[in-house]
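So the chains spell out like this:
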Amino acid sequence: MKALVCVKRVIDYNVKIRVKMDKSGVETDNVKMSMNPFDEIAVEEAVKMKESGIINEIIILSIGADTSQETIRTGLAMGGDRGILIKTDGQDLDPLNIGKIIKVVSEKENPDLIILGKQAIDDDCNQTGQILATLLNCHQATFASKVEVNSDKSISVTREVDGGLETIKVSLPCVITTDLRLNEPRYASLPNIMKAKQKKIETLDVNDLSIKLDKRVQTIEVNDPPSRKPGVMVNDVDSLIEKLKNEAKVI
Amino acid sequence: MKILIIVEHNNDSVKPSTYSTITAASKISNKIDALMIGYNNDSAIDELKKSDHLNKIFKINKKGLENPIAENFSNHILDFLKNNDYSHILTPSSTFGKNLSPKIATELDVQQISDIISIIDSDTFERPIYAGNAIAKVKSLDKVKVLTVRPTCFEPCGLSSNVEVETVILDNTEVSTISYEGLDESKSDRPELTSAKVIISGGRGMQNGDNFKLLEGIADKLGAAMGASRAAVDAGFVPNDWQVGQTGKIVAPDLYVAVGISGAIQHIAGIKDSKFIASINKDEEAPIFNFSDYGLVADLFEILPELEKKL
């Protein structure tokens, strides 16, 4: 089986983001960038499936500027076999456009499984997997916390839904989006990081894919969230309870 | 302008997220219909009929639609839309809506706007990005607006009406081959993190998993959900699904109590929509105090038993 894992380069989750002065977006210059944490989980799941002999090839796909090569290398160091970069000039692409691009790659590569994070921690859209499954007209299993390949090649996926864990059985090819509980991504070892440098990354220009990329959602401005009003320090448990009861009225 | 709301329910009852979505819709237009897809869903329909703001409820009652398989719901919604024009399609931004709504948008070739928290006008909305560390004001250029609505940002609608119900027959619409194996409902007697009114969370300061028992008694008394910081989860004190923060659950309770949590950015990102935050930490320099309404500098091992006793 072949897996296509889609990874996005985002601001590292530990960085405190800053809204640009002109309100056009969030500052990304000189900011530490990393692989979207949910996509790391997607890579890890594919690598685990390869280790258990279910998958024999893992392709790491990213869409973005040249710098996204680094993110692909991270995936290759974790255990991906080869990479594909769909090169853009770094502009923000709506999830629908991203879905259309991945569809083109998928139709060329014909993976059995497409695995990606349930959402990226920058735009928090939580759409790409669902869009892709719809465009490819294949089954989707979103928010996966457990993935099991059955002997008949169907896949049982336990999904994290509000209020519990739902299990569905889907058939191949399918799109799986990963949730936090699925696994704990490994750190790439130094030898594997060195090996990843030898692995092949194919680069294609997004303009050569003959997809009409149009912007359907316009960002008017980006603002800081309303700030919390300064709080007070209390001296003991009694005053804490008193404040919560009588001032905040929340207990 | 005419709005369609996709109802979240379990055939027996309507999920509160739906009522919040109706309120959001009422801020765009007063022409609002609701579509309820399910099987043997009469009791949920009886509940929904009481909703204020709705003009009509369309009901699809068909075997095979008892579980919210996104493919099935999407197929039926698309066929329903062939005979009904709407300018806006709203779904709650719960796991139900997040799973389903992008499929509807894609079939209509429009770009969904996820998780809106306020409505500026009929095509302009605010939504959180970077886990709420920034708010984007965005305008949809699509003809049909497909939106998911963050339920905690809109009060539930009133329930004093008696709305007309029309049955829609879509016998020929395809039912997917995905098989639904079941739902393992959270067995905890505690509320869910994402809908709890009160949450008490522990961090690395709890020192080990056993010490989380110190929070249980307090959670019982407050009817609170229990959570944890990423540091506590990474240290193996508690399971992953307890994690509150940017890469965990985003919460917005009336009261969030942070115990032994320093206040890393990624944790703050997940709790900043809480109405009140109270924190207990022995380090008076802990960043969590900058985001707290009430802070108490103290050794949690002395304070927690006292707090439990006095509540």
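Refer to the structure presented above.
One structure accompanies this document, and this report is about it. (Residues numbered from 1 in each chain as written. Chains lettered and ligands numbered in written order. Predicted model: local features only at pLDDT ≥ 70, side-chain atom pairs only at ≥ 80, totals over all residues.)

**With respect to the overall build of chain B**
Working step 1: On a plain count of helices and strands, chain B comes out with eight helices and 16 strands.
Working step 2: Compactness check: chain B gives a C-alpha radius of gyration of 22 Å against a globular reference of 19 Å for 311 residues, within 12% of the reference.
Working step 3: Over its C-alpha atoms, taken along the principal directions, chain B stretches across nearly 65 × 40 × 40 Å.
Working step 4: Buried positions account for 55% of the 311 residues belonging to chain B.
Working step 5: Considering only residue pairs separated by 6 or more positions, chain B has 66% of its internal contacts joining residues 24 or more positions apart. (Helix = DSSP H or I, 4+ residues; strand = E, 2+ residues; numbered from the N terminus. Rg over C-alpha atoms; globule rule 2.2 N^0.38 Å. Buried ≥ 20, exposed ≤ 12 C-beta atoms within 10 Å, placed from the backbone. Contact = placed C-beta atoms within 7 Å.)

**Comments concerning the overall build of chain A**
Working step 1: Along the backbone of chain A there are six helices and 13 strands.
Working step 2: Taken along its principal axes, the extent of the C-alpha atoms in chain A is 65 × 45 × 40 Å.
Working step 3: Out of the 251 residues belonging to chain A, those deemed buried represent 47%.
Working step 4: The long-range share in chain A, meaning contacts at least 24 apart out of those at least 6 apart in sequence, stands at 68%.

**Thoughts on the interface of chain A and chain B**
Working step 1: Listed per partner, the contact involves 63 residues of chain A and 71 residues of chain B.
Working step 2: Residue assignment for the side of chain A that touches chain B shows that the elements contributing at least two residues are helix 3 (95-109), helix 4 (128-136), strand 7 (139-149), strand 8 (155-161), strand 9 (164-170), strand 12 (217-223), strand 13 (232-234) and helix 6 (237-247) of chain A.
Working step 3: When the residues that make up the side of chain A that touches chain B are grouped by side-chain class, the tally is 30 nonpolar, 18 polar and 15 charged.
Working step 4: As defined by bridge partners, strand 12 of chain A adjoins strand 8 (residues 134-140) of chain B across six bridges and the pair is classed as antiparallel. Residue pairing for strand 8 of chain B: Val222 of chain A is matched across the bridge by Ala136 of chain B. (Nonpolar A, V, L, I, M, F, W, Y, C, P; charged D, E, K, R; others polar. Pairing = 2+ DSSP bridges.)

**What to know about helix 3 of chain A**
Working step 1: With 15 residues, helix 3 of chain A should cover 21 Å at 1.5 Å per step; its first-to-last C-alpha distance of 21 Å lies within 8% of that length.
Working step 2: For helix 3 of chain A, every residue scored as buried is listed here: Pro95, Leu96, Asn97, Ile98, Gly99, Lys100, Ile101, Ile102, Val105 and Ser106 of chain A.
Working step 3: Summarising the contacts, the buried residues of helix 3 of chain A are in contact with strand 1 (2-7), strand 4 (57-64), strand 5 (82-87), strand 6 (113-117) and helix 4 of chain A together with helix 4 (95-107) of chain B.
Working step 4: Just past helix 3 of chain A, the residue Asn110 of chain A takes up positive phi, approximately 50°. (Expected span 1.5 Å × (residues − 1).)

**A word on the nonpolar core**
Working step 1: In terms of nonpolar packing, the biggest core is built from 165 residues, with Val5 of chain A together with Ile5, Ile199 and Ile200 of chain B touching the most fellow members.
Working step 2: For this core, the leading source of residues is helix 1 (residues 37-51) of chain A, giving six residues.
Working step 3: When sequence neighbours within four positions are dropped, the list of residues in contact with Ile5 of chain B reads Thr18, Thr21, Ile22, Ala25, Ile32, Ala34 and Leu90 of chain B. (Core = buried A, V, L, I, M, F, W, Y, C linked by C-beta atoms within 7 Å.)

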